[in-house]
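# Secondary and tertiary structure notes
Now for the letters of each chain:
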Amino acid sequence: MRLLIPTLLAACSTTAFAAAQSTAEWRVNRADDHYDGVCNAVDCSLRDAISAANAGKGPQRILLPAGTYVLTLPADVGEEGEVLDEDANLNGDLDVSGNVTIFGAGVGRTLIRGSDSAHDRLFEVLAGASLRLEGLSLEKGHTSFYGGALENHGNAYLRLVDLTGNTGSAAFDPGAGGALANFGHMEVDQARFKGNRSSAGEAHFGQGGAIYNAGDLRVRDSRFDDNTASDDDDMGLGGAIYNRGKLEVARTSFVGNRVSVNGSGSAIANDNGATLTLSNSTLSGNFGDALSNGLRYSGRAGVAQATVINVTVAANEGFGVRNRGTLSLRNSLLASNHDESGETVQNCLNEGTYHYSAKGLLLGAGAGNCTGEVNIEDSKTFVSVLFPLAENGAFSPTHALRPRSPAIDAAIGNCPVQDQRASMRPRDGDGDGVAVCDLGAYERTKP
């Protein structure tokens, strides 16, 4: 991925910055985690630039050149080793209280990284503030509570960002959101979440290996790989995402994510009272029930609601979909999900008090009580229906449809105008001269 950085302007002084009527621009010119409140053409760390931007009026832009920026100013800690938060940007995480945009030189070129000495998350967006991050990597942030890389109470937008190896964990509290924790409004576009982890101690659950959402969250064109939620008693909720707010996910893959034994939602756990819309996405190779709608462990009031449109759920270890709330499946594909032994088929299960509806669903035979319009022998999934997981020319991996797959041109009613790869729908995939959408996340372009 490549980011085009705007033409650099001379660094502004604090006085000129405050007086500017248009977006003011700051350029970071030192990589160490230094703080003296000064940001000028010869001396400006990332922490200094954020403090200057917080003090400015109107939109503020920070240009962050290629390099590695390690946060080393240590936050204070409590008796149990928990991080004691301060919101003045003096140490620990970078506190955003203004309207700030940070442009990096590209993923893997500009890296903001946590350190063992600071032992804190990377960013906190305060209530009423706004932060946009574009073209950079966030690595090895750690919090005792919420959001190892970023905790948002205002507005946050991430585009072309990698989030790798971040952690939310605590000894006696829930670790929530290994990479991100959202309590406000957040949008994520073209991001990769890899190897993030949430964990917790006795009597608490790790929630959201990559993301914990209690606000309004939109995720587009992204991928979640090898994220984990767990705790001391082998419980985790949401290996990739734990949702207790409003969540919309489109054109995104979830691969290799994990919850520990007896956990829920290795890809997504949608809690009671929450709403989820999931479209044009692939859930494959996750460990534990891939999508859990409604959590039997939750004491939260309200019914979990999930709408699933043109989604492929295949080759997960555990039920592909487990529903304890209100679930609507449209033009999707659930097949070849199995228990740990690989012998018992576990594609779709409703339990407890639930409401279930399906329209245009391809369903593999096996354990469970869901129904679909197209039924197949589960053993035939990767013989006559799907190819193995592959990039297929896109940012996130998909299961391509085999020639003459029963999922081709089998959709009922309307469908999204694009598939997961942003390829246009509908196409004439079976060669009968009529373009009809396919089932699942992948649209076959020709017979």
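So, a few notes on the structure that sits alongside this text. (Residues numbered from 1 in each chain as written. Predicted model: local features only at pLDDT ≥ 70, side-chain atom pairs only at ≥ 80, totals over all residues. Heavy atoms only, no water.)

## So, the nonpolar core
Across soluble globular proteins, you tend to see nonpolar side chains buried next to one another. Ranked by size, the top nonpolar core spans 69 residues in total, and within it Ile102 and Phe123 carry the most contacts. Ranked by residues supplied to this core, first place goes to helix H2 (residues 46–55) with five residues. The contacts of phenylalanine 123, once residues within four sequence positions are left out, are Ile50, Asp93, Leu94, Val96, Ile102, Ile112, Leu131, Leu133, Leu138, Ala149, Leu150 and Glu151. Listed in part, the 16 residues of the second largest apolar core include Val385, Leu386, Ile408 and Tyr442. (Core = buried A, V, L, I, M, F, W, Y, C linked by side-chain atoms within 4.5 Å. Buried < 20%, exposed > 50% of the residue type's maximum accessible area, 1.4 Å probe, protein only. Helix = DSSP H or I, 4+ residues; strand = E, 2+ residues; numbered from the N terminus. Contact = heavy atoms within 4.5 Å.)

## Considering the pairing of strand E10 (residues 130–139)
Most of E10 is tucked away, with eight of its ten residues classed as buried. When strand E7 (residues 99–103) meets E10, the two strands line up parallel, connected through five bridges. In the sheet register, asparagine 99 faces E10, and the bridge partner there is serine 130. Sheet analysis places strand E8 (residues 110–113) next to E10, joined by three bridges and oriented parallel. (Pairing = 2+ DSSP bridges.)

## Description of the pattern of salt bridges
One pass over the full model with this rule turns up 24 salt bridges. Arginine 121 is the salt-bridge partner of glutamate 151, the closest N and O atoms lying 2.8 Å from each other. With a gap of 30 residues between them, glutamate 151 in strand E12 (residues 150–152) and arginine 121 in the loop between E8 and strand E9 (123–125) connect regions that are remote in the sequence. The class for arginine 121 is buried, based on a relative accessible area of 5%. Residue arginine 132 pairs with glutamate 134 through a salt bridge whose shortest N-O separation is 2.6 Å. Looking at arginine 132, the relative accessible area reads 27%, which means it is partly exposed. The buried category is assigned to glutamate 134, whose relative accessible area is 6%. Through salt bridges with shared partners, a single network forms among Asp93, Arg121, Glu124 and Glu151. (Salt bridge = Lys/Arg side-chain N within 4 Å of Asp/Glu carboxyl O.)

## Focus: the sheet that holds strand E24 (residues 241–243)
If you trace the eleven strands from one edge of the open sheet to the other, you get E6-E9-E12-E15-E19-E24-E28-E31-E34-E37-E40, paired in parallel fashion. Every other strand in the sheet has two partners, leaving strand E6 (94–96) and strand E40 (367–368) as the edge strands with one partner each. Packing against the sheet, H2 makes contact with E6 and E9, and its axis sits at approximately 15 degrees to E6. (Axes fitted to C-alpha atoms, helices over the stretch in contact; angles between N-to-C directions.)

## Some points on H2
Along an α-helix, a turn takes 3.6 residues, which lines up residues three or four apart on a common side. Burial analysis of H2 places nine of its ten residues in the buried class, the great majority of the element. Turning to H2, its buried residues are Leu46, Arg47, Asp48, Ala49, Ile50, Ser51, Ala52, Ala53 and Asn54.

## Considerations on the side chain of arginine 220
Within the element layout of this structure, arginine 220 appears in strand E20 (residues 216–220). Accessibility expressed as a relative area gives 16% for arginine 220, which makes it buried. The contacts of arginine 220, once residues within four sequence positions are left out, are Val188, Asp189, Gln190, Glu248, Val249, Ala250, Arg251 and Thr252.

## Notes on unusual backbone geometry
In this model, arginine 425 is joined to proline 426 through a cis peptide bond whose omega is -10 degrees. If you trace the backbone, proline 426 turns up in the segment after strand E43 (398–401). Within the chain, asparagine 310 stands out as a residue other than glycine whose phi angle is a positive 50 degrees. As for its position among the elements, asparagine 310 is in the loop between strand E32 (305–309) and strand E33 (312–314).

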